[in-house]
Amino acid sequence: MLNPLILWGSVILDRILGEPPERVHPVVWIGKLIHTLENIFRSTYSQDKIRDLFFGSLITIITVTVVFLASYGLEILVCRLPEILQYPLYSLALSTTIGYKSLLDFSRRPMDCIREGDIEGARKHLQCIVSRDTSKLDIEHILSASVESLSENITDSIIAPLFYGALFGLPGAFLYRAVNTLDAMIGYRNKKYEYYGKLAAYLDDLLNIVPSRIAGLLLVLTSPLYGGDIKRALYGFLKEGSKTPSPNSGYTMATVAHSLNMTLEKIGYYKLGRGKIDLKKAYNSLRAVDVVVVTFLLLYTLLYFII
């Protein structure tokens, strides 16, 4: 188990500094590697399903292997440094696998625009964080999409990399980030990626099973601290957590929706919660992220010292 001081340090560094510049961002490098491999092993757009499955799986295996070896080498290098340098540098490296500050910033911008009466600005900012067409969304659906993206990515951007980092060090965190990036780039269910990205999508679902439920349960336990209700939150977690196309993302979204008594809806796909969404509830969902992250770190620290 990783020393909790490193986890605290990584979260604090990310919260203060945000994402590193693209030219030195490991996740950007992972994305470039995947893009390069895509150009070498091209999809047939489902014309040859076996070939697509083989090439997509090959890309996934190569990417995961390269990232594991690089992160393992980095960990060995950092651990050979004097102890006074180990903790800050290890924390800095781990912080590049989480997107705490950027998640809050991108999710808050549409909300701030609505507060200022700038609906078009809200739609424009929202388009940066969701794949759906935002040009005709009303205020409620803009807020809904912002909170959906925020609550879903509590797992992907923060809890999961911290979870795997805590258990397996830098290789664990970077391996998770590699799979998550693969899923984001080739894990779609469309003509090009249906078979090409199947392994990447499967691995991402598999790796998120535990972290998504941890995040959901923490949202239940801490709901009063961000303006929510424990009973409603638990109902959302248990009854609607599985009602989204993704086997994992619904647990945090449904919990937030019911805890804050609001409706989160992606038209034609799912509808979670019951109450009317408004700006106050949307801003409370931002506070939920801070509460969950701090609670996760406190519980991990307690568990570490007990063990």
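Before reading further, recall that the structure is shown in the block above.
The model shown is predicted, which means the values in this text are computed figures rather than measured ones.

Enquirer: What is the right way to read the nonpolar core from this model?
Expert: Across soluble globular proteins, you tend to see nonpolar side chains buried next to one another. One finds L7, V147, L162 and V289 to be the most contacted residues of the largest nonpolar core, which totals 75 residues. The residues contacting L162, other than those within four sequence positions of it, are L7, S10, V11, I98, F296 and L297.

Enquirer: How should helix α1 (residues 4–17) be read in this particular structure?
Expert: Because an α-helix completes one turn every 3.6 residues, residues spaced three or four positions apart along the sequence face the same direction. Over its 14 residues, α1 extends 20 Å from the first C-alpha to the last, a length consistent with the 20 Å expected when each residue adds 1.5 Å. Those residues of α1 not exposed but buried are P4, I6, L7, G9, S10, V11 and D14. Capping of α1 at its N-terminal end is provided by N3; its side-chain oxygen lies 2.8 Å from the backbone amide nitrogen of L5. Note on α1: the residue one or two positions beyond its end, G18, has a positive phi of about 75°.

Enquirer: Explain the packing of helix α7 (residues 139–186) against helix α8 (residues 198–221) to me, please; I cannot follow it from the model alone.
Expert: Each pair of packed helices gets described by two things: the angle between the helix axes and the distance between those axes. In the contact formed by α7 and α8, the axes pass within 9 Å of each other and the chain directions differ by 125°. It follows that α7 is oblique to α8 by the angle criterion. Classified by chirality, the crossing of α8 by α7 is left-handed.

Enquirer: Help me understand the side chain of E38, please; the structure alone is not making it clear to me.
Expert: Along the chain, E38 turns up in helix α2 (residues 26–40). On the basis of relative accessibility, which here comes to 11%, the residue E38 falls in the buried class. Among the polar contacts made by the side chain of E38, one reaches the side chain of Y193 at a distance of 2.9 Å.

Enquirer: Can you help me understand the packing of aromatic side chains in this one?
Expert: Aromatic ring pairs are described here by two measures, namely the spacing of the ring centres and the angle between the planes. Enumeration according to the criterion identifies ten aromatic pairs in this entry. Note on F163 and Y164: the rings are 5.0 Å apart at their centroids and 80° apart in plane angle, and the pair reads as edge-to-face. Like Y164, F163 is buried. Centre to centre, the rings of Y304 and F305 are 5.4 Å apart; their planes meet at 90°, and the pair counts as edge-to-face. These aromatic residues form a ring-pair network of at least three members: F41, F54 and F55. Above the face of the F106 ring, R109 is positioned so that its terminal group lies 4.6 Å from the ring centre.

Reading the values: the criteria
- Residues numbered from 1 in each chain as written.
- Predicted model: local features only at pLDDT ≥ 70, side-chain atom pairs only at ≥ 80, totals over all residues.
- Heavy atoms only, no water.
- Core = buried A, V, L, I, M, F, W, Y, C linked by side-chain atoms within 4.5 Å.
- Buried < 20%, exposed > 50% of the residue type's maximum accessible area, 1.4 Å probe, protein only.
- Contact = heavy atoms within 4.5 Å.
- Helix = DSSP H or I, 4+ residues; strand = E, 2+ residues; numbered from the N terminus.
- Expected span 1.5 Å × (residues − 1).
- Polar contact = N/O pair within 3.5 Å; in protein donor to acceptor, adjacent residues only side chain to side chain.
- Axes fitted to C-alpha atoms, helices over the stretch in contact; angles between N-to-C directions.
- Parallel < 35°, antiparallel > 145°, perpendicular 65-115°, else oblique.
- Left-handed = near helix turned anticlockwise from the far one by under 90°.
- Phe/Tyr/Trp six-rings, centres within 6.5 Å; stacked < 30°, edge-to-face > 60°.
- Lys NZ or Arg CZ within 6 Å of the ring centre and 35° of its normal.

Note that all results are geometric; they support no functional claim without further evidence.
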